[in-house]
Amino acid sequence: MPKPKGKGGKNRRRGKGDGEESKRELEFKEEGQEYAQVTKMLGNGRCDCYCFDGISRLGHIRGKMRKKVWITAGDIVLVGKRDFQDDKVDIIHKYTADEARNLKQYGELPETARINETAVDLAMTGDGGDDDLGIDFEDI
């Protein structure tokens, strides 16, 4: 049996953080781009995005971001609109929660944008987070 030479394989190296994302410059939208919030992941690199211009569109994660930047429901992203398809967008950049808060302070995102909440949380609460189910317990 051969002697082990290393401390793991490809998956161990992939899991190590470079610390590269600690401080990066904030990206603002340009012409043909829009801010959006991911409402639902559909699979195969696609997701349902609610663009902050009021339209819900099908988002496609670009190949450069696949398996490197993980996008989940509730994330704020920068999308590029397609000239030839109005109902589809390409996801260009994912913002961290801190970056999204900065965008909200600068007035780039509307005040109604919810930053740290997923679409599941929004659907579960519905009426504003009242968890009372109408059950009353009598004192013993």
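Details of the structure are given in the entry above.
What counts as what
Residues numbered from 1 in each chain as written. Predicted model: local features only at pLDDT ≥ 70, side-chain atom pairs only at ≥ 80, totals over all residues. Heavy atoms only, no water. Phe/Tyr/Trp six-rings, centres within 6.5 Å; stacked < 30°, edge-to-face > 60°. Buried < 20%, exposed > 50% of the residue type's maximum accessible area, 1.4 Å probe, protein only. Helix = DSSP H or I, 4+ residues; strand = E, 2+ residues; numbered from the N terminus.

## A short note on the packing of aromatic side chains
The description of an aromatic ring pair uses the distance of the two centres, along with the angle that the planes make with each other. On inspection of all chains with the given rule, the structure shows three aromatic pairs. Taking the centre distance of 6.2 Å and the plane angle of 85° together, the rings of Tyr50 and Phe52 count as edge-to-face. For Tyr50, a relative accessible area of 36% puts it in the partly exposed group.

## A look at unusual backbone geometry
With a phi close to 60°, Asn44 is a non-glycine residue in the positive phi region. Here Asn44 shows up in the loop between β1 (33–43) and β2 (46–51). Asn44 sits in the exposed class, given a relative accessible area of 60%. For Lys67, which is not glycine, the phi dihedral falls at a positive 60°. Secondary-structure assignment places Lys67 in the loop between β3 (56–61) and β4 (76–81). The class of Lys67 is exposed, set by a relative accessible area of 72%.

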